[in-house]
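Coordinate inspection notes
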Amino acid sequence: QVQLVESGGGSVQAGGSLTLSCSASGLTFSRYAMGWFRQAPGKEREFVAAISWISRSTNYADSVKGRFTISRDNAEKTVYLQMNSLKPEDTALYYCAAAQRLAVPTGLDDYTYWGQGTQVTVSS
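Residues numbered from 1 in each chain as written. Predicted model: local features only at pLDDT ≥ 70, side-chain atom pairs only at ≥ 80, totals over all residues. Heavy atoms only, no water.

Overview of the environment of L27
You can see L27 is positioned in the loop between β3 (18-25) and β4 (33-39). Sequence-wise, L27 and L4 are 23 residues apart; in three dimensions their C-alpha atoms are separated by 9.8 Å. Leaving out residues up to four positions away in the same chain, L27 has contacts with V2, Y32, A98 and Y113. (Helix = DSSP H or I, 4+ residues; strand = E, 2+ residues; numbered from the N terminus. Contact = heavy atoms within 4.5 Å.)

Describing the side chain of S21
Relative to the helices and strands, S21 resides in strand β3. When residues no more than four places from it in sequence are discounted, the contact partners of S21 are V5, E6, S7, W36, T78, V79 and Y80.

What about the nonpolar core?
Of all hydrophobic cores here, the largest spans 37 residues; its most connected members are M34, W36, L81, M83 and Y94. Among the elements of the structure, β3, β4, β5 (46-51), β7 (68-73), β8 (78-83), β9 (92-99) and β11 (118-123) are those that each provide at least two residues to this core. At six residues, the largest contribution of residues to this core is made by β9. Once you skip the residues sitting within four places of it in the chain, Y94 turns out to touch E6, L20, W36, F37, R38, V48, F68, L81, M83, G117, T118 and V120. (Core = buried A, V, L, I, M, F, W, Y, C linked by side-chain atoms within 4.5 Å. Buried < 20%, exposed > 50% of the residue type's maximum accessible area, 1.4 Å probe, protein only.)

Focus on the state of the cysteines
Applying the stated criterion to the full structure yields one disulfide. A sulfur-sulfur separation of 2.0 Å characterises the disulfide bridge that pairs C22 with C96. Across the S-S bond of C22 and C96 the torsion is about -75 degrees, and the bridge reads as left-handed. Of this pair, C22 sits in strand β3 while C96 sits in strand β9, placing them 74 residues apart in sequence. Looking at C22, the relative accessible area reads 1%, which means it is buried. Judged by relative accessible area, C96 falls into the buried class, the value being 0%. (Disulfide = S-S within 2.5 Å.)

What follows is the structure, encoded as structure tokens:
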């Protein structure tokens, strides 16, 4: 049974930092790229960041470059999203996802498994 569990969401003020975690189980971890997506009310789900499970190659949305950092720990089977200099527009439900790809895809259709999401709220 494949399971992705996000944690670390919460409420912070603009300019603050927050770190999200995603623990994976039930899959061949080395064969999956991992990604973070987010969805705000009334908007479509959008790509945030992705990382190759083995090589740690990364890809970021332009809106978060320089502020967010994605990383992973193979031993702990966990993917992280370090978020700095948070802005109110970062407010959304953040999802962890797994893609059976060697690269770091940005399209949500490339991802097979999804977590249930963790809420991030940034106040002005």
